[in-house]
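Each chain is listed here by its residues.
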Amino acid sequence: MMSITIALSKGRIFDDTAPLLKAAGIVALDDPETSRKLILATNRDNVRLIIVRASDVPTYVQYGAADMGIAGKDVLLEHGGAGLYQPLDLNIARCRMMVAVRDDFDYESAVGRGARVRVATKYFQTAREHFAEKGMHVDLIKLYGSMELAPLVGLADAIVDLVSSGNTLKANHLKAVEEIRPISARLVINQAALKLKREIIQPMLDAFSAAIPQ
């Protein structure tokens, strides 16, 4: 029997994906938040889920370890999208990629006078392209978490990070000053798998498409 492996990450994307999977007739038999299993069986014998880091989803799909996966556009921009077919914006896990600074930092003035700005982010590729398009001189500092701390302790003048409600920024006396792009989760498919397993993948695609929240 032809089988399908779907790569997912824990947390918000998995939770938001569950209704889409259910619409395609797929239900995980274990909860990834409570199970230590990294390969989850489903109610369909020919479909399994693998639980990986969000940033690794495109890599698993690109190299065929998974046939399809669900990843945020932020992750796909950093990955580059090589070897991936991205047919659907699932309109879930929505947020914005923003530039943020301390409340007392005059970002517009710094940009206007051509100052060299230090920017902390884990989204190196996206940040580099954004500031290059603006003609800004920036020094990028790679961080993997607690991004809001960087401007508060003098490590950076600004951060590039994902913002949902903005409450974390406010709590840390930061303000968003520029939107780089809206972000949402996308369905990604291995290009070879799409050709070889189209008869099983296409119905899933159609079900996902019909169930996308508006």
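Reading the values: rules and limits
Residues numbered from 1 in each chain as written. Predicted model: local features only at pLDDT ≥ 70, side-chain atom pairs only at ≥ 80, totals over all residues. Heavy atoms only, no water. Pairing = 2+ DSSP bridges. Helix = DSSP H or I, 4+ residues; strand = E, 2+ residues; numbered from the N terminus. Axes fitted to C-alpha atoms, helices over the stretch in contact; angles between N-to-C directions. UniProt positions renumbered as here; feature names shortened; annotations may be inferred. Buried < 20%, exposed > 50% of the residue type's maximum accessible area, 1.4 Å probe, protein only. Contact = heavy atoms within 4.5 Å.

Caption draft 1: Just the sheet that holds strand β8 (residues 138–142), in detail. Sheet architecture is open: 5 strands sit in the order β8-β7-β9-β6-β10, paired in mixed fashion. Looking at the sheet topology across the chains shown, the edges are occupied by β8 and β10 (174–183). Strand-to-strand twist across the sheet, computed as the mean angle between neighbouring axes with direction ignored, equals 30 degrees. In this sheet, β10 lies alongside strand β6 (residues 95–102) in antiparallel orientation, the contact comprising 8 bridges. Following the sheet pairing, Met-97 is matched in β10 by Arg-181.

Caption draft 2: Quick peek at the UniProt feature "domain: ATP phosphoribosyltransferase catalytic" (unreviewed entry) in the protein. Within the UniProt annotation, "domain: ATP phosphoribosyltransferase catalytic" (unreviewed entry) is assigned to residues 53–208. The span residues 53–208 shows a helical share of 36% and a strand share of 33%, and its end C-alpha atoms are spaced 22 Å apart.

Caption draft 3: Molecular detail of the environment of Gly-166. Mapping Gly-166 onto the fold places it in the loop between β9 (158–163) and α7 (167–171). By relative accessible area, Gly-166 is classed as buried at 14%. Measuring from C-alpha to C-alpha, the distance between Gly-166 and Ile-4 comes to 38 Å, with 162 residues separating the pair along the chain.

Caption draft 4: Representation of the environment of Gln-125 within the structure. Tracing the chain through its elements places Gln-125 in helix α5 (residues 124–134). Taking relative accessible area as the criterion, Gln-125 reaches 31% and is therefore assigned partly exposed. The spatial distance from the C-alpha of Gln-125 to the C-alpha of Glu-78 is 5.6 Å, given a sequence separation of 47 residues. With residues near it in sequence (within four places) discarded, Gln-125 still touches Leu-77 and Glu-78.

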